[in-house]
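# Descriptive structure summary
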Amino acid sequence: MAMLRKLSLRPFFLVALSASALSSFILWETARQARFSAIDDIKKSSGGTLALVVENLSGELAKYSFQPRLLSTSSVLVDALKHDPDDPNLRRVSEELARINGVTGALATYLMNRGGLTIAASNWASEGPFVGRNFNFRPYFQQAMHGRLGRMFAMGTTSGERGYFFAYPVRDQGRISGAVVVKMDVSILERGWRAEGHEILVVDDAGVVFLSSRPEWRLRSLTPLTAEQQQRLDQTRLYADEKIDPLNFVLSADGDMTRISVPDAGADEGSPHRGGRSFLVQETAMEHAGWRVMILSDASSVEARVRIAMLVAGFMLASLFLLALNIYQRRKRFNERIELQEAARGELEGKVVERTRDLSRAVAQLRAEVNERERAEAHLRRTQDELIQASKLAALGQLSAGVSHELNQPLTAIRSYAENARVFLSRQDSGMADSNLGRIAEMCERMARIIRNLRTYARNEPVGSRPTRLQQPIRDALALLDGEFRKAGIDVELDLGNEDVVAIGGDVRLQQVFVNLFSNAMDAMEKSPLRRINVTINRESDEVAIKVSDTGPGIAPEDLDRVFDPFFTTKDVGKGTGLGLSISYGIVNQFGGSIEVANRQEGGTTFTVRLLAADQRREAAE
Ligand code: ADP
């Protein structure tokens, strides 16, 4: 995962690089398209305005161009030209021209003779009357003298007013005798040109602006005049004595259009663009007038539109970029989270594997320990069983003296009874012989009982516990020791009750326990004057308590805790093994019971064996 991230860095930079290149291209193309479309819009709207302006100009000019032609046919004017220029009658002609001028709305209407002298004029009564002035230098006069309509824009040399002059020859019987001139007011043309965002210029063939929506641009040239052009102006006095200064326009090409930058009025001449305005130019030629009509459209809207388009595109790109960044970061965070989860899972899995291994090891160890323990327990049980058996056989060895005495006694009696029986048979005394034989049978029976008891004792009882009538093993143990007891002069007091007492145990092993207890009691009372063993059986709730008491010397208090320890003995070497009580303890324990010892107040000891009482009915069923 870490390697993947390292690898993905390079593509990221490549993507970022191409994204910025693409963004730059988009911005550049947006600007280009916006500029193109804005210029196109301007072209369309200013083109329309320009056509209207030209139409209006042509209409106005046409209106005035007919007036001198109409006047030239007037007999008053034809006659006037026949008069001497100083003729006072010409005053009436001037008055007539003033009247006509008032009707047509021209600036001035006047009559010139062949020499170019003004002989009558509508403004005869004004401060600067044309009458008596010679305008033969004016091209319009010269054109009229050539028999055609003379027309031109010019500055009045007398009035200083701009005007458009129309001149037409006055013919007297086919001969040109003079010219009638109408000076039209051009300022009316400029009215209404100051439309929003547009400036209109009308320039002559020399590039001099003579009509303009902006007064400060009037009578200035678009470009500095050449010497030749200046000379012509001086000759024709076209713009009177006005000095034609060039406008400080900066012209440049903008696509298929011309751009004019107009510096701010207060701006430095050397930095035309600063604070000034910029216009896009469209122009059209008015052939018949020899003019060029130009419309200047404010180009700031182009820049504004480009700026807005750039802003919108920039904003969209920035949004796109932010979105992409957001997606990228979310993805990154997601990947990091996944990575963390993977790592955590990996760690967890590692831990689980480790724990499982530890656990399996522990389980295996536990199993081995359990097996070992079971083996040890089995071994212990075997050893215990062997020990029980061994100690039993050892006890048998010790008992053998008593047993042989037990057997010898009936044997001796049987021999005597047999001899007696033979004597009685020889005497034909069958009654007595039979009685002796009966005694012999009794003796045999007793011997058989003793031998059976011994065999039972020596038997290796199967392991396990079962309900057992307690009186039986007690009696069997006593029967085994009977001979010994008699020899030692021991009294046995039994209080076993009249009913069978059944407890959980086993015949042979319980017999072994009682043999041990009785033997120990017998040994203990060896030197006691009173030798009595007392055996009782009592039910104590769920248990049965068998108490074996003797009249021996008791056990020293410091030995009370040790008598059940294996190999603890106070008896002489060769007599005691110190195993009897320890084995008895083990047997009773196997049956789920207990064994304890206490010294009696009146002397001697009491051993108490407690066994679990067995259900009578259950036992009976079994
Ligand atoms: P052993 O009989 O071979 O000595 P036991 O385990 O049967 O081994 O007895 C251990 C010791 O307990 C005996 O040596 C004896 O000192 C003491 N003891 C057992 N029973 C009696 C008893 N009834 N009176 C006095 N001491 C006894």
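About the cut-offs
- Residues numbered from 1 in each chain as written.
- Predicted model: local features only at pLDDT ≥ 70, side-chain atom pairs only at ≥ 80, totals over all residues.
- Heavy atoms only, no water.
- Near = heavy atom within 4 Å.
- Polar contact = N/O pair within 3.5 Å; in protein donor to acceptor, adjacent residues only side chain to side chain.
- Helix = DSSP H or I, 4+ residues; strand = E, 2+ residues; numbered from the N terminus.
- Nonpolar A, V, L, I, M, F, W, Y, C, P; charged D, E, K, R; others polar.
- Salt bridge = Lys/Arg side-chain N within 4 Å of Asp/Glu carboxyl O.
- Buried < 20%, exposed > 50% of the residue type's maximum accessible area, 1.4 Å probe, protein only.
- Pairing = 2+ DSSP bridges.
- Axes fitted to C-alpha atoms, helices over the stretch in contact; angles between N-to-C directions.
- Contact = heavy atoms within 4.5 Å.

### Some details on the site of the ligand
Lining the immediate surroundings of the ligand are 19 residues, of which Asp550, Thr569, Thr570, Lys571 and Thr577 lie closest. One of the side-chain N or O atoms of threonine 569 is found 2.5 Å from an oxygen atom in the ligand. Listing elements by their share of the shell around the ligand, those giving two or more residues are α10 (507-524), α11 (580-590) and β20 (605-612). When residues in the shell around the ligand are grouped by element, the largest group, three residues, is from α10. Of the residues that constitute the shell around the ligand, the class distribution is eight nonpolar, nine polar and two charged.

### A look at the pattern of salt bridges
For the structure shown, the criterion picks out 30 salt bridges. Put simply, arginine 532 and glutamate 493 hold a salt bridge, and the shortest N to O gap is 3.5 Å. Remark: glutamate 493 occurs in strand β15 (residues 491-495) and arginine 532 occurs in strand β17 (residues 532-540); sequence separation between them is 39 residues. Given a relative accessible area of 30%, arginine 532 falls into the partly exposed group. Lysine 571 is the salt-bridge partner of aspartate 523, the closest N and O atoms lying 3.0 Å from each other. In this pair, aspartate 523 is assigned in helix α10 and lysine 571 in the loop between β18 (543-549) and α11, connecting sequence segments 48 residues apart. By sharing partners, the salt bridges in this structure join Arg35, Arg259 and Glu303 into a single network.

### Quick look at the sheet that holds strand β12 (residues 277-286)
With mixed pairing, eight strands are arranged side by side in an open sheet as β9-β8-β7-β6-β13-β12-β11-β10. The outermost strands of the open sheet, each flanked by one partner alone, are β9 (245-246) and β10 (250-254). Sheet topology places β12 next to strand β13 (residues 291-298); eight bridges connect them, and they run antiparallel. Each bridged residue has a counterpart across the sheet, and for phenylalanine 279 the counterpart in β13 is aspartate 298.

### Quick notes on the sheet that holds β15
Pairing is mixed across the open sheet formed by five strands, whose spatial order is β15-β17-β18-β20-β19. Two strands bound the open sheet, and with one partner strand each, they are β15 and β19 (594-599). Strand after strand, the sheet turns through a mean of 15 degrees between neighbouring axes, direction not considered. Here six bridges tie β19 to β20, and the two strands are oriented antiparallel to one another. Within the sheet, the bridge partner assigned to glutamate 596 lies in β20 and is threonine 608. The sheet strands contacting α10 are β17, β18, β19 and β20, and the helix crosses β20 at an angle near 170 degrees.

### Here's the deal with the environment of glutamine 590
Relative to the elements of secondary structure, glutamine 590 occurs in helix α11. Taking relative accessible area as the criterion, glutamine 590 reaches 28% and is therefore assigned partly exposed. Residues glutamine 590 and proline 263 lie 327 residues apart in sequence; the distance between their C-alpha atoms is 127 Å. With residues up to four places along the chain from it excluded, the contact list for glutamine 590 reads Gln384, Asp385 and Arg509.

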